[in-house]
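Chains, contacts and geometry: an overview
Each chain is listed here by its residues.
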Amino acid sequence: LHEGRLRAASSPAYPYRFITRALTDRRFSTFAQFRAVLIWPYDMDLITFYEFYSMAVPIFMPSHLSKYLFQQDHMFYDGRWEARRSSAGERTLWPEDAKSSPFNETSLDAVRLTAGYSDYFRFPAVQHFNSIPELLKNLPSTDFFAVAQSMVR
């Protein structure tokens, strides 16, 4: 523990060791040697996601919507969306029958739909897990080479 935060975890009974980027030299050459990375979605981690994906380092992310809920202050755009939505004949990716705009952060339905459009869920071979126990159970049987190959196709 450092400043109340866990920075590394390992066990002689488990084949992998978990470390935070704070324990690395933060160089791409170091990160490229990782077998995989675990990313919790947040605004700042979007760049991290693309960096690891472009290096074909397998990425594990939570699948539960609650991990993708964070305040973005997009409600200002919500009013603009509603005004624009009524424009006849415009085609959008957002479903016509959706009850709220993609910027309505207070609507679980809107957040669920918006998250589905994100690269976290659309890019091939991103691995999702429902819980930490499920992640720990499935990691040892993961074919990391196959996952990495799927990322570069």
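These figures come from a predicted structure and were not determined experimentally. (Residues numbered from 1 in each chain as written. Predicted model: local features only at pLDDT ≥ 70, side-chain atom pairs only at ≥ 80, totals over all residues. Heavy atoms only, no water.)

**A closer look at helix H7 (residues 144-151)**
Residues spaced three or four apart along an α-helix point in a common direction, a consequence of the helix completing one turn every 3.6 residues. Those residues of H7 not exposed but buried are Phe 144, Val 147, Ala 148 and Met 151. Mapping the buried residues of H7 onto a view down its axis gives an arc of 100°, with all of them on the same face. (Buried < 20%, exposed > 50% of the residue type's maximum accessible area, 1.4 Å probe, protein only. Helix = DSSP H or I, 4+ residues; strand = E, 2+ residues; numbered from the N terminus. Arc of directions from axis to C-beta.)

**Focus: the environment of Arg 122**
Structurally, the position occupied by Arg 122 is in helix H5 (residues 119-122). Other than its neighbours up to four places away in sequence, Arg 122 contacts Gly 116 and Tyr 117. (Contact = heavy atoms within 4.5 Å.)

**Remarks on the packing of aromatic side chains**
Applying the stated criterion across every chain yields a total of 13 aromatic pairs. Measuring from ring centre to ring centre gives 6.1 Å for Tyr 14 and Tyr 16, while their planes differ by 70°; the resulting arrangement is edge-to-face. Using a relative accessible area of 19% as the deciding quantity, one classes Tyr 16 as buried. Ring geometry for Tyr 14 against Phe 18: centres 6.1 Å apart, planes inclined by 25°, an arrangement best described as stacked. Residue class for Phe 18 comes out partly exposed when judged on its relative accessible area of 27%. Counting every residue linked through ring pairs, the aromatic cluster contains Tyr 14, Tyr 16, Phe 18, Phe 60 and Phe 144. (Phe/Tyr/Trp six-rings, centres within 6.5 Å; stacked < 30°, edge-to-face > 60°.)

**Some words on the environment of Phe 144**
Topologically, Phe 144 is positioned in helix H7. Residues Phe 144 and Ala 56 lie 88 residues apart in sequence; the distance between their C-alpha atoms is 9.9 Å. Setting aside its immediate chain neighbours within four residues, Phe 144 contacts Tyr 16, Arg 35, Ala 36, Pro 58, Phe 60 and Leu 139.

**Quick notes on the confidence of the model for the protein**
Should the pLDDT be low somewhere, the predicted coordinates at that spot are not to be read in detail. Confidence in the prediction for the protein averages 80 pLDDT; 75% of positions are at 70 or higher. When mean pLDDT is compared element by element in the protein, H7 scores highest at 96, while helix H3 (residues 75-85) scores lowest at 57. (pLDDT = per-residue confidence, 0-100.)

**Observations regarding the side chain of Thr 142**
Within the element layout of this structure, Thr 142 appears in the loop between helix H6 (132-138) and H7. When its relative accessible area of 16% is taken as the criterion, Thr 142 is described as buried. Once residues lying within four places of it in the same chain are set aside, the contact partners of Thr 142 are Phe 60 and Val 147.

**Things to note about the nonpolar core**
Membership of the largest hydrophobic core comes to 14 residues, with the highest contact counts inside it found for Ile 39, Phe 49, Phe 52, Ile 59 and Met 61. Residue assignment for this core shows that the elements contributing at least two residues are helix H2 (45-54), strand E4 (59-62) and H7. Here this core takes three residues from H2, the largest share from any one element. By size, the runner-up hydrophobic cluster in this structure holds six residues, among which are Tyr 16, Phe 60, Phe 129 and Leu 135. (Core = buried A, V, L, I, M, F, W, Y, C linked by side-chain atoms within 4.5 Å.)

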